[in-house]
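One-letter residues, chain by chain:
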Amino acid sequence: MARLARIESLKHRHFHIDQKIASEGGRPRPDERVLMCLKLQKLRIKEEIERLAG
């Protein structure tokens, strides 16, 4: 059960990071360093979700 809770928590974080990426990307001059950092965080979370789910 703890693993399922962890996966749900990670999905929640993944969703919020995706929103931050969309917000930053929608700015007239998005900060590429911020976008790169957020995308890297999102990728790491996705990988952890896949590892836990598999």
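Relevant structure appears above.
Residues numbered from 1 in each chain as written. Predicted model: local features only at pLDDT ≥ 70, side-chain atom pairs only at ≥ 80, totals over all residues. Heavy atoms only, no water.

*Asks:* Looking at this model, I keep getting lost on the overall build of the protein. Mind explaining?
*Replies:* Secondary structure assignment for the protein yields two helices and zero strands. Computed over the C-alpha atoms, the radius of gyration of the protein is 13 Å, more than 25% above the 10 Å expected from 2.2 N^0.38 for a compact globule of 54 residues. Taking the principal axes of the C-alpha coordinates as reference, the protein spans close to 45 × 15 × 10 Å. For the protein, the proportion of contacts with a sequence separation of at least 24, taken over those separated by at least 6, is 61%. Per element, the accessible surface of the protein, about 4,500 Å² overall, is 55% carbon and sulfur. Considering the protein, the positive charge centre built from 13 side chains and the negative charge centre built from 8 side chains are found 2 Å apart. (Helix = DSSP H or I, 4+ residues; strand = E, 2+ residues; numbered from the N terminus. Rg over C-alpha atoms; globule rule 2.2 N^0.38 Å. Contact = heavy atoms within 4.5 Å. Areas by Shrake-Rupley, 256 points an atom, 1.4 Å probe, with all protein chains shown as cover. Lys, Arg positive; Asp, Glu negative; His and termini not counted. Charge placed at Lys NZ, Arg CZ, Asp CG, Glu CD.)

*Asks:* It is not clear to me how helix H2 (residues 32–53) should be interpreted in this structure. Could you clarify?
*Replies:* Every α-helical turn comprises 3.6 residues, leaving residues that sit three or four positions apart pointing alike. Taking 1.5 Å of rise per residue, 22 residues should cover 32 Å, and H2 covers 31 Å from first to last C-alpha, within 8% of that figure. Those residues of H2 not exposed but buried are Leu35, Leu38, Ile45, Ile49 and Leu52. Looking straight down H2, one finds its buried side chains confined to an arc of 120°; they lie on one side. Relative to its buried face, H2 has exposed residues pointing more than 90 degrees away, namely Glu32, Arg33, Met36, Arg44 and Arg51. One side-chain oxygen at the N-terminal end of H2 lies 3.0 Å from the backbone nitrogen of Arg33; it belongs to Asp31. (Expected span 1.5 Å × (residues − 1). Buried < 20%, exposed > 50% of the residue type's maximum accessible area, 1.4 Å probe, protein only. Arc of directions from axis to C-beta. Polar contact = N/O pair within 3.5 Å; in protein donor to acceptor, adjacent residues only side chain to side chain.)

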